[in-house]
Amino acid sequence: MSRLGRLWKGAVHTWEVCREAEERRQLMCRPWEEQILHWSRQEDGWVLHGEHLPPDTRWRYGSTKGGWCPRSDG
């Protein structure tokens, strides 16, 4: 892989890490979303968290795109 290709791949990876960190920060500021049904990725697979049905929107509630949620960290 060329130097430019490695640089681009590193920039994309950095962007994805920053985006995931920002999504986690936003979730920590909205603790009420833990009560809305959502899937969370854990070591043993996907787990359903929450008790209430989500509103009829396209918004993702309770977890990041990668599947992290505050409840999964204990």
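Residues numbered from 1 in each chain as written. Predicted model: local features only at pLDDT ≥ 70, side-chain atom pairs only at ≥ 80, totals over all residues. Heavy atoms only, no water.

Asks: Give me a nonpolar patch on the surface: which residues, what numbers.
Replies: Side chains of W39, W46 and L48 sit close together on the surface and give an oily, nonpolar patch of about 360 Å² of accessible area. For W39, the location among the structural elements is in strand β1 (residues 38–42). (Patch = residues over 30% accessible without salt bridge, like charges linked within 9 Å, V, L, I, M, F, W, Y side chains within 5 Å. Areas by Shrake-Rupley, 256 points an atom, 1.4 Å probe, with all protein chains shown as cover. Salt bridge = Lys/Arg side-chain N within 4 Å of Asp/Glu carboxyl O. Helix = DSSP H or I, 4+ residues; strand = E, 2+ residues; numbered from the N terminus.)

Asks: If you had to explain the pattern of salt bridges to someone new, which residues and values would you point to?
Replies: On inspection of all chains with the given rule, the structure shows 3 salt bridges. The salt bridge involving R24 is made with E20; its shortest N-O contact spans 3.4 Å. Here R24 pairs with E20, and both are found in helix α1 (residues 3–28), just 4 residues apart, close to one helical turn. By relative accessible area, which is 18% here, E20 ends up buried. R25 is paired through a salt bridge with E22; the nearest N and O atoms lie 2.7 Å apart. In this pair, R25 and E22 both sit in helix α1, 3 residues apart, roughly one turn of the helix. Residue classification places R25 among the partly exposed residues on the basis of a relative accessible area of 44%. (Buried < 20%, exposed > 50% of the residue type's maximum accessible area, 1.4 Å probe, protein only.)

Asks: Break down the pairing of β1 for me, with residues and values.
Replies: Note that β1 and strand β2 (residues 45–49) share 5 bridges and pair antiparallel. Bridged to W39 within β2 is L48. A loop of 2 residues connects β1 with β2, the two strands running antiparallel in sequence. (Pairing = 2+ DSSP bridges.)

Asks: A description of α1 should follow, citing residues and the corresponding values.
Replies: Its 26 residues give α1 an end-to-end C-alpha distance of 38 Å, which sits within 8% of 38 Å, the value for a rise of 1.5 Å per residue. Three or more residues of α1 are buried, namely E20, E23 and L27. (Expected span 1.5 Å × (residues − 1).)

Asks: If you had to explain the state of the cysteines to someone new, which residues and values would you point to?
Replies: Applying the stated criterion across every chain, the model contains 0 disulfides. Here C18 stays unpaired: no disulfide links it, and the sulfur of C29, its closest cysteine neighbor, is 17 Å away. On the accessibility criterion, C18 (47% relative accessible area) is partly exposed. Cysteine C29 is unpaired, with the sulfur of C69 as its nearest cysteine sulfur at 16 Å. When its relative accessible area of 48% is taken as the criterion, C29 is described as partly exposed. (Disulfide = S-S within 2.5 Å.)

Asks: Go over the confidence of the model for the protein chain, please, and point to the residues and values.
Replies: When the pLDDT values of the protein chain are averaged, the result is 89; 96% of them are 70 or greater. Considering each helix and strand of the protein chain separately, the mean pLDDT is smallest for β1, with a value of 88, and largest for α1, with 95. (pLDDT = per-residue confidence, 0-100.)

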